[in-house]
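Here's the letter readout for the chains.
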Amino acid sequence: MQVLKGLSTRGRRVHPLLVIILFGAIHGGVYLFLVPPWQHYDEPTHFEYAWWLAVYERLPGPEDANGLMHREVAASMLEHHFFDNLASPNLLLDTPWIGISQLSDPPLYYLFVAIPLWFLQGADVTMQLYAARLVSLGMFLITLGGSYGIAKEIFPKHKTFHWLLPALLVLTPAFVDLMTAVNNDVGATLFFTLFLLAGVRFMQRKINLWDSLILGVMVGLCYFTKSTVLIAIPAFFLLLLLKLFQAQPPFHYLAYPVLMLSVGIIGVYLFTWDDAAYWYREGPSVQQTWPTKYRH
């Protein structure tokens, strides 16, 4: 910590954020190779989504599967002891089971991961996995930059806080472990961090079209990445309302139609006509076979 403080006050030749990103690259690189292949949460099926985009160059459907790819991944999982103390998959099957499918998830994160896989078609599947993990590592480093920007916006005069937040992220092993996995949580974390950065900038400055558009784009990126960051939608309307109510006319008068619009959109978002999201309908141990609204 003293090294970073000294760099930010005396030397000024090396920006503290660059040091943090370097530490992040080293720490993330350690986890990238330290964790055995396929050992992150649902990593085989997250990889499958990106692989499908790279090979077929289209979005997969929930029922799509490539038997050869499944057999290659299952064989690699066996080779790297994934199934020690577990029931091993049958490689003689047309499509061995490699995990719970992620093919119905939003596609944005997987589109980025598919880029190196497109160039590595035909390469060993384990090598392709490490290339996909490198994309996650890059997203982790951008997340560190976003967290630095958030701290700088909130505490413009306290330079220590600028590097303290990303330094804490770099020094959190569980976070670094997650952010070097092939998992759409990585994309969700990155884009929600950028949404927070855009939101802070939006609130700190006078209302203008450019900041509003950037904030809206960040909401869209969250929407197409993962459902866990859909909280960005109501947060966007809340920030917009707060800003409009603080603004001078004519922007102030826009607050009321935006309020009515946001109540309607959030109401649709919160309530559905279906049951509890079919939580137990996927995977090998299906227990729920009918909607909860029909249960007695």
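Reference entry: report on the structure contained in this document. (Residues numbered from 1 in each chain as written. Predicted model: local features only at pLDDT ≥ 70, side-chain atom pairs only at ≥ 80, totals over all residues. Heavy atoms only, no water.)

1. Here we look at the packing of aromatic side chains
Remark: the centre distance and the inter-plane angle together describe each pair of aromatic rings, the angle taken between the planes. According to the stated counting rule, one finds 14 aromatic pairs in the structure shown. For the ring pair Phe 82 and Phe 83, a centre distance of 5.0 Å and an interplane angle of 70° mean the geometry is edge-to-face. With 6.3 Å between their ring centres and 40° between their planes, Phe 112 and Phe 191 make a pair best called tilted. Remark: Phe 191 occurs in helix α9 (residues 184–204) and Phe 112 occurs in helix α5 (residues 108–119); sequence separation between them is 79 residues. We classify Phe 191 as buried; its relative accessible area is 5%. (Phe/Tyr/Trp six-rings, centres within 6.5 Å; stacked < 30°, edge-to-face > 60°. Helix = DSSP H or I, 4+ residues; strand = E, 2+ residues; numbered from the N terminus. Buried < 20%, exposed > 50% of the residue type's maximum accessible area, 1.4 Å probe, protein only.)

2. Let's talk about the nonpolar core
In this structure, Phe 47, Val 73, Phe 140 and Phe 195 are the most contacted members of the largest nonpolar core, which totals 65 residues. Top contributing element to this core by residue count: helix α6 (residues 125–154), with 11 residues. (Core = buried A, V, L, I, M, F, W, Y, C linked by side-chain atoms within 4.5 Å.)

3. Quick notes on α9
For α9, built from 21 residues, the straight-helix expectation of 30 Å at 1.5 Å per residue is met to within 8% by its first-to-last C-alpha distance of 30 Å. The residue sitting at the N-terminus of α9 and contributing the capping side-chain oxygen is Asn 183; that oxygen lies 2.9 Å from the backbone nitrogen of Asp 185. (Expected span 1.5 Å × (residues − 1). Polar contact = N/O pair within 3.5 Å; in protein donor to acceptor, adjacent residues only side chain to side chain.)

4. Focus: unusual backbone geometry
Even without a glycine there, the phi angle at Trp 38 is positive, about 75°. Among the secondary structure elements, Trp 38 is positioned in the loop between α2 (16–34) and α3 (43–56). The class of Trp 38 is buried, set by a relative accessible area of 0%. If you check the backbone angles, Asp 42 has positive phi at about 55° while not being a glycine. The topology assignment puts Asp 42 in the loop between α2 and α3.

By themselves, these observations are geometric and do not establish any function.
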